[in-house]
Amino acid sequence: MTGQGGRLVLYVREGCHLCASAEDLLAQVSSELGERCHVVDIDSDPALLERFGEMIPVVTVDGVVQGYWRIDADRVRRALASR
């Protein structure tokens, strides 16, 4: 579930408890829908660190932010369904 790019991306930071919860949630959603979730550590890229800062976790679908901090699984499902 790690990597960069793709339809479903989760931006995280090491040691973030909300990130761990979001990763578990998106693993379930991506499994249900047959989508791959790419997890990106924002500390690995200064531009991402500047963009998201303390807003993490952040989930995007097709490059559009679908939520941050507490992720809404239904919102992510709807975004993935709208191809």
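That block above? That's the structure.
Residues numbered from 1 in each chain as written. Predicted model: local features only at pLDDT ≥ 70, side-chain atom pairs only at ≥ 80, totals over all residues. Heavy atoms only, no water.

> Describe the pattern of salt bridges, with residues and values.
Per the stated rule, a full pass over the model turns up six salt bridges. Between Asp62 and Arg7 there is a salt bridge whose closest N-O contact spans 2.9 Å. With Asp62 in the loop between strand S3 (58-61) and strand S4 (64-68) and Arg7 in the segment before strand S1 (8-12), this residue pair connects regions lying 55 residues apart in the sequence. When its relative accessible area of 45% is taken as the criterion, Asp62 is described as partly exposed. Arg7 sits in the buried class, given a relative accessible area of 16%. Glu54 is paired through a salt bridge with Arg13; the nearest N and O atoms lie 3.1 Å apart. (Salt bridge = Lys/Arg side-chain N within 4 Å of Asp/Glu carboxyl O. Helix = DSSP H or I, 4+ residues; strand = E, 2+ residues; numbered from the N terminus. Buried < 20%, exposed > 50% of the residue type's maximum accessible area, 1.4 Å probe, protein only.)

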